[in-house]
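Residue-level structural notes
Below, each chain spelled out in residue letters.
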Amino acid sequence: MNTIPYYGPDDVKVSLKYEELVSALELALADFSKGPEGGVSQPLRATAEVTQFNGFLAAMPAYVESRHALACKLVTFYPNNSAKNMDTHMASILLFDETSGLPIAIMDGEVITAMRTAAVSAIATKYLAEKKEVLAVLGSGVQARAHIEAFVKLFAIKKIYIWNHRPNGAEHLAKHVSASFGIEVQVFADVESCVMDADVIIAATFTTEPILKECAMKPAVHINSVGAPRPQWQELSEELMNHSVVYVDSVVSATKESGDVIKSGAEIYGEIGQVVLGKIKAESNRRTVFKSLGLALEDAVAARLVFDMMEQKKLT
Ligand SMILES: NC(=O)C1=CN([C@@H]2O[C@H](COP(=O)(O)OP(=O)(O)OC[C@H]3O[C@@H](n4cnc5c(N)ncnc54)[C@H](O)[C@@H]3O)[C@@H](O)[C@H]2O)C=CC1
Ligand SMILES: O=C([O-])C1=[NH+]CCC1
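Attention here is on the structure that accompanies the text. The written sequence of each chain sets the order in which its residues are numbered from 1. Numbering of ligands from 1 and lettering of chains from A proceed in the order in which they are written. Local features in this predicted model are restricted to residues whose pLDDT is 70 or higher, and side-chain atom pairs enter the listing and the counts only when it is 80 or higher, whereas totals over whole chains, interfaces and linings include all residues. Side-chain figures throughout are based on the complete set of non-hydrogen atoms in the structure, without hydrogens or water.

Overview of the overall build of the protein chain
The secondary structure listing takes helices from DSSP runs of H or I that are at least 4 residues long and strands from runs of E that are at least 2 residues long, numbered from the N terminus. Looking only at helices and strands, one finds eleven helices and 15 strands in the protein chain. Relative to the compact-globule value of 20 Å for 316 residues, the protein chain shows a C-alpha radius of gyration of 19 Å, a close match. C-alpha extents for the protein chain along the principal axes are approximately 60 × 45 × 40 Å. We call a residue buried when its accessible area falls under 20% of the maximum for its residue type, exposed when it is over 50%, and partly exposed in between, using a 1.4 Å probe and counting protein chains only. Put simply, the protein chain has 316 residues, and 53% of those count as buried. In the protein chain, 68% of the contacts between residues at least 6 apart in sequence involve partners at least 24 apart. In the protein chain, 30 positive and 38 negative side-chain charges are present, and the distance between their average locations comes to 2 Å. A radius of gyration in this sense is built from C-alpha atoms; the matching globule rule multiplies 2.2 Å by the number of residues raised to 0.38. Residue contacts are counted whenever heavy atoms from the two residues lie within 4.5 Å of one another. When charges are counted, Lys and Arg contribute as positive and Asp and Glu as negative, whereas His and the chain ends are disregarded. Where a charge lies is defined by one atom per residue type: Lys uses NZ, Arg uses CZ, Asp uses CG and Glu uses CD.

And the structure:
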């Protein structure tokens, strides 16, 4: 049997650039929303529950024809790991040759999960946010940090406001952000004050109950909600969902996996890929929500970018 290369988190970090990732994912999300003729094959992820330990193992296979990307991510998420000072998400991705099904690389999936999720929120924000200067971030974990890094790189962000249910997490992230980017950062003790003046809100928490509810917000604020990936979990209140224009990454995923969508019964306006295709309107002068569950196609596209970059490096 052939041995295949393993690419660790550092290989992934040097290979992936947000600009390139955003362009590739934008096209792949558009392909996905074209339906069968888009050349994307992606079943709903299969998730095993480890009830005793409050854990989950998900298998996420996808094929994206336009990117020659055939891959499967295995990801565990264990919310209680943070109390043990362990990562809450762990992931590996196996990439295959599309012509033969031969495995060609195995790689770390944690950096890819963080970067591709932030990149997809950035795509939604590019289309759906009227302004992108003041960013409010709810949460201070891996996704919160990745979103800030991506948004600072991709948009002219002037101020960042952070709230976390554990204030020391927010303080720690704020220190990192101001040292790394020299942007004005402020930590808030409550969600309402944090989001009041925001143009864009990122909700990236492990909550199971709504943390962002109807309160004073800019009328055309855009909200990216990446947490609550289980049918019983919510990050946004039902009232907020029902009073916003709701976009999703995948209608199938959102209606099967998102407690925010299922419990609120909110109407889904459409998929972000349909916005990219110009098939539905970007309602950027109204309050918009992008509900992200995370798609296998995003991992496959990112993994193929990493593989191609590592192969190129071998030749130089
Ligand atoms: N949409 C997508 O593509 C993806 C979504 N996720 C989801 O995004 C969320 C955040 O993930 P990570 O940043 O990687 O996790 P993390 O463990 O690094 O950070 C979690 C954050 O949530 C906060 N938190 C924990 N319990 C909370 C509670 N009860 N109320 C409010 N805040 C709470 C923590 O203090 C921390 O700031 C999770 O729900 C995760 O499953 C993760 C990967 C991809
Ligand atoms: O897309 C993803 O990898 C995940 N979404 C929620 C937990 C992990």
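Quick word on the site of ligand 1
As a structural note, the neighbourhood of ligand 1 is formed by 23 residues, with T88, R116, S140, Q143 and N164 the closest of them. At 2.8 Å, a side-chain N or O of T88 approaches an oxygen atom of ligand 1. Any pair of nitrogen or oxygen atoms within 3.5 Å is treated as a polar contact; in protein, a donor-acceptor pairing is required on top of that, and neighbouring residues in sequence qualify only through side-chain atoms on both sides. In this structure, S140 approaches ligand 1 through a main-chain N or O atom, which is 2.8 Å from an oxygen atom. Accessible surface is estimated by sampling points in the Shrake-Rupley manner with a 1.4 Å probe; for residues, cover comes only from the protein chains shown. Relative to its unbound accessible area of 850 Å², ligand 1 is 85% covered by the protein chains. Listing elements by their share of the shell around ligand 1, those giving two or more residues are α3 (110–128) and α4 (142–154). When residues of the shell around ligand 1 are assigned to their parent elements, the largest contribution, three residues, is made by α3. Residues are counted as near a molecule or strand when any one of their heavy atoms sits within 4 Å of it.

A word on the side chain of Q143
For Q143, the location among the structural elements is in helix α4. According to the relative accessible area criterion, Q143 is buried, its value standing at 17%. Side-chain polar atoms of Q143 contact the backbone oxygen of T113, separated by 3.5 Å. When near neighbours in sequence (up to four residues on either side) are disregarded, Q143 contacts T113, A114, T117, A118, A204 and V226.

A look at the pairing of strand β5 (residues 69–77)
Taking every second residue as pointing to the same face, the buried face of β5 carries A69, A71, K73, V75 and F77, while none of L70, C72, L74 and T76 on the other face is buried. With nine bridges joining them, strand β4 (residues 55–64) and β5 adopt antiparallel strand pairing. Within β5, the position partnered with M60 by the bridge is K73. Here, any two strands with at least 2 DSSP bridges between them count as paired. By the bridge criterion, eight bridges tie β5 to strand β6 (residues 89–96) in an arrangement that is antiparallel. Its bridge partner being in β6, L74 is matched across the sheet by S92.

Observations regarding the site of ligand 2
Every residue lining ligand 2 is accounted for by R45, M60, K73, F77, H89, T113, R116, P229, L293 and G294. Here an oxygen atom of ligand 2 sits 3.1 Å away from a polar atom, N or O, in the side chain of R45. Relative to its unbound accessible area of 250 Å², ligand 2 is 92% covered by the protein chains. Secondary structure elements with two or more residues in the shell around ligand 2: β5 and α3. Polar here means any residue outside two lists: the nonpolar Ala, Val, Leu, Ile, Met, Phe, Trp, Tyr, Cys and Pro, and the charged Asp, Glu, Lys and Arg; Gly therefore counts as polar. Residues that form the shell around ligand 2 fall into these classes: four nonpolar, three polar and three charged.

Some details on the pattern of salt bridges
Salt bridges are identified by distance alone: a Lys or Arg side-chain nitrogen within 4 Å of an Asp or Glu carboxyl oxygen. With the rule as written, the count across this model stands at 16 salt bridges. A salt bridge links K281 to E283; its shortest N-O distance comes to 3.7 Å. Residue class for K281 comes out exposed when judged on its relative accessible area of 51%. Connected through salt bridges with shared partners, the residues K73, R116, E298 and D299 form a single ionic network.

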